[in-house]
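Residues per chain, in single letters:
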Amino acid sequence: MMLLGKLAQPVCSLSKLPPPGACRHFWGWLNAVFNKVDYERIQAVGPDRAASEWLLRCGALVRYQGYQKWQQDYNGLPTGPLGKYKIEAINATDSCIMYRGFDYLDGLEHVTEIKLQKCIYIQDECLQRLSEMKNLQKSLLQLKIISCGNVTDKGIIALHKLMNLEYLYLSDLPGIREKETTVHILQQALPNLELELDLE
């Protein structure tokens, strides 16, 4: 009988759930922890390995130069000589990457593609930061931004600094209010850009 009483006790305590929104705050805090930049780690393992760890920890995928397979398992990150695996593509669909972690992207020299889809923490400041990175200004060729509700015209216009960008796909971005003006500015700055829009 005593054993049954002890088993029932945790079940009864389930009725004392945290107030609404408390779980949301916890996940926001945890995501901020995942995005904290470890500069010593970048020095120790190199920018591509450190960025891979950050991206996978946040739920994104990476593809390395010379490989077709997307890396999605943090525990399965390839090992080998320092600098062997260079990030070529990033798929951040449904990931928790945020501005705080963008310093991880600074040292990447081979990224040609980035996809930001349903990234709730991506905002204009993230796109401004992305477009100011010297390495990405040289290497980035394709960028897709889809269903990122915090992105506005200001963030999209900032992409004009990505001088080698060949393809930009924008879809389901309710924050874009001045579509024609934004498109005009991008086309003026990047005349060779192929711009595909699926915006209301």
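Overview of the structure. Just so it is clear, the structure is predicted and the values come from calculations on it, not from any experiment. (Residues numbered from 1 in each chain as written. Predicted model: local features only at pLDDT ≥ 70, side-chain atom pairs only at ≥ 80, totals over all residues. Heavy atoms only, no water.)

1. Quick word on the environment of Leu-105
To keep things clear, this is the line we draw: Secondary structure is summarised from DSSP: a helix means a run of H or I of at least four residues, a strand means a run of E of at least two, and numbering begins at the N terminus for each. Buried residues are those whose accessible area, probed at 1.4 Å on protein chains only, stays under 20% of the maximum for their type, while exposed residues exceed 50% and partly exposed ones sit between those limits. Any pair of residues with heavy atoms lying within 4.5 Å of one another is described as a contacting pair.
Summarising the element assignment, Leu-105 is placed in the loop between strand 3 (87-91) and strand 4 (113-117). Since its relative accessible area comes to 6%, Leu-105 is described here as buried. Residues within four places of Leu-105 in sequence aside, it is in contact with Trp-54, Ile-90, Leu-130 and Met-133.

2. Here's the deal with the pairing of strand 5 (residues 142-146)
Defined as follows: Only strands joined by at least two bridges in the DSSP assignment are considered to pair. By the criterion used throughout, a crossover qualifies as right-handed when its path from the first strand across the helix to the second strand runs clockwise, the strands pointing away from the viewer.
Summarising the sheet, strand 4 and strand 5 pair through 5 bridges and their orientation is parallel. Its bridge partner being in strand 5, Ile-114 is matched across the sheet by Leu-143. Taken together, the 5 bridges between strand 5 and strand 6 (residues 167-171) define a ladder with parallel strand orientation. Following the sheet pairing, Ile-146 is matched in strand 6 by Ser-171. Once you follow strand 5 into helix 7 (residues 153-158) and on to strand 6, the crossover reads as right-handed.

3. Focus: unusual backbone geometry
Unusually for a residue other than glycine, Lys-118 sits at a positive phi of about 55°. Along the chain, Lys-118 turns up in the loop between strand 4 and helix 5 (124-132). Judged by its relative accessible area of 43%, Lys-118 is partly exposed. The phi torsion at Ser-147 lies on the positive side, around 55°, for a residue other than glycine.

4. Overview of the packing of aromatic side chains
How two aromatic rings sit relative to each other is given by the distance of their centres and the angle of their planes. Cut-off, in case you're wondering: Put simply, two rings from Phe, Tyr or Trp (the six-membered ring, in Trp's case) pair if the centres are within 6.5 Å, and we call them stacked under 30 degrees between planes, edge-to-face over 60, tilted for the rest. Sitting over a ring, as applied to charges here, requires NZ of Lys or CZ of Arg to be within 6 Å of the ring centre and within 35 degrees of the ring normal.
One pass over the full model with this rule turns up 4 aromatic pairs. Seen from their ring centres, Tyr-67 and Tyr-85 are 5.7 Å apart, and the 40° between their planes marks the pair as tilted. Here Tyr-67 is found in the loop between strand 1 (61-64) and strand 2 (70-71), whereas its partner Tyr-85 is found in the loop between strand 2 and strand 3, with 18 residues between them in sequence. Relative accessible area serves as the criterion here: at 17%, Tyr-85 is assigned to the buried category. Taken together, the aromatic side chains of Trp-54, Phe-102 and Tyr-104 make up a single cluster linked through ring pairs. Across the ring face of Trp-70, the terminal group of Arg-63 is positioned such that the distance to the ring centre comes to 4.9 Å.

5. So, the pattern of salt bridges
Put simply, the rule is: What makes a salt bridge here is a side-chain nitrogen of Lys or Arg within 4 Å of a carboxyl oxygen of Asp or Glu, nothing more.
Enumeration according to the criterion identifies 8 salt bridges in this entry. Between Lys-86 and Asp-48 there is a salt bridge, and its shortest N-O distance comes to 3.9 Å. Residue Lys-86 is found in the loop between strand 2 and strand 3, and its partner Asp-48 is found in helix 4 (residues 47-57); the two are separated by 38 residues along the sequence. Residue Asp-48 is classed as buried on the basis of its relative accessible area of 6%. Of the charged contacts in the structure, one is a salt bridge between Arg-129 and Asp-106, with a shortest N-O distance of 2.8 Å. Taken together, the residues span a long stretch of sequence, with Arg-129 in helix 5 and Asp-106 in the loop between strand 3 and strand 4 at a distance of 23 residues. Among the charged side chains, a network of salt bridges with common partners joins Arg-41, Arg-49 and Glu-53.

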